[in-house]
Amino acid sequence: QELVLAFRRGVLLRGRALDPEGRAVAGAVVQIASGGTRLDRVETDAEGRWSGSGLADAEHVIDIFSPDRGAGAWKAVLEGVRPGAEEILVRLEPAR
């Protein structure tokens, strides 16, 4: 008996983290969650870019945090983000 499995390919969510002056934030931690479950955790590259793949076509919460590296810690949280072809530009604010 042959067993055939069909998997639905997930979608990509990508963006770029910027500091309050518009400069790239490298090494920031990006967490992607949906329905209260963390789906992916990545770090931004030297240009502040990040991506999460294999995600459902649903609303996600994006939580980005850059620890203090001499310039202060920055944070941003976006809710209701849907995957798409466009890069999401996220301007981080000082963490409180």
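Each remark here, short or long, concerns the structure printed above.
Predicted, not measured: the structure shown is a model, and the values here were computed from it.

**Comments concerning the sheet that holds strand E3 (residues 37–43)**
If you walk across this open sheet you meet the 5 strands as E3-E2-E5-E6-E8, and the pairing is antiparallel. With partners counted over all chains shown, the strands left at the sheet margins are E3 and strand E8 (93–94), one partner each. Of the pairings in the sheet, the one linking strand E2 (residues 29–34) to strand E5 (residues 60–66) comprises 5 bridges and is antiparallel in character. The residue bridging alanine 33 from the neighbouring strand is valine 61, located in E5.

**Overview of the side chain of aspartate 19**
Note on placement: aspartate 19 falls in the loop between strand E1 (11–18) and E2. Within the structure, aspartate 19 has its side chain in polar contact with the backbone nitrogen of glutamate 21 (distance 2.8 Å). Non-local contacts of aspartate 19, meaning those with residues more than four positions away in its chain, are made with Val25, Trp74, Arg91 and Leu92.

**Points about the environment of glycine 27**
You can see glycine 27 is positioned in the loop between E1 and E2. For glycine 27, a relative accessible area of 14% gives the class buried. Between the C-alpha atoms of glycine 27 and glutamate 47, which are 20 residues apart in sequence, the distance is 9.5 Å.

**Regarding the sheet that holds E1**
If you trace the 3 strands from one edge of the open sheet to the other, you get E4-E1-E7, paired in mixed fashion. Each edge of the open sheet carries a strand with a single partner, namely strand E4 (49–55) and strand E7 (88–91). Strand-to-strand twist in this sheet, taken as the mean axis angle between neighbours without regard to direction, amounts to 25 degrees.

**Let's talk about the nonpolar core**
With 17 residues, the main nonpolar core has Leu13, Val30, Ile32, Trp50, Ile62, Ile64 and Leu92 as its most contacted residues. Those elements that provide at least two residues to this core are E1, E2, E4, E5, strand E6 (74–81) and E7. Examining the composition of this core, we find that 3 residues originate from one element, E6, more than from any other. Look past the residues within four positions of tryptophan 50 in its chain and what remains in contact with it is Leu13, Arg14, Gly15, Arg16, Ala17, Val30, Ile32, Val42, Glu43, Thr44, Ile62 and Ile64.

**Digging into the environment of alanine 95**
Along the chain, alanine 95 falls in the segment after E8. Its relative accessible area of 33% is what places alanine 95 among the partly exposed residues.

**Topic: the pattern of salt bridges**
For the coordinates displayed, the defined rule picks out 5 salt bridges. Across the pair glutamate 21 and arginine 23 runs a salt bridge, and its minimum N-O distance is 3.3 Å. Two residues, glutamate 87 and arginine 49, come together in a salt bridge whose shortest N-O distance is 2.9 Å. One end of the pair, glutamate 87, is in the loop between E6 and E7; the other, arginine 49, is in strand E4, and 38 residues separate them in sequence. Residues joined by salt bridges that share partners form a network here, namely Asp19, Glu21 and Arg23.

Conventions we followed
- Residues numbered from 1 in each chain as written.
- Predicted model: local features only at pLDDT ≥ 70, side-chain atom pairs only at ≥ 80, totals over all residues.
- Heavy atoms only, no water.
- Pairing = 2+ DSSP bridges.
- Helix = DSSP H or I, 4+ residues; strand = E, 2+ residues; numbered from the N terminus.
- Polar contact = N/O pair within 3.5 Å; in protein donor to acceptor, adjacent residues only side chain to side chain.
- Contact = heavy atoms within 4.5 Å.
- Buried < 20%, exposed > 50% of the residue type's maximum accessible area, 1.4 Å probe, protein only.
- Axes fitted to C-alpha atoms, helices over the stretch in contact; angles between N-to-C directions.
- Core = buried A, V, L, I, M, F, W, Y, C linked by side-chain atoms within 4.5 Å.
- Salt bridge = Lys/Arg side-chain N within 4 Å of Asp/Glu carboxyl O.

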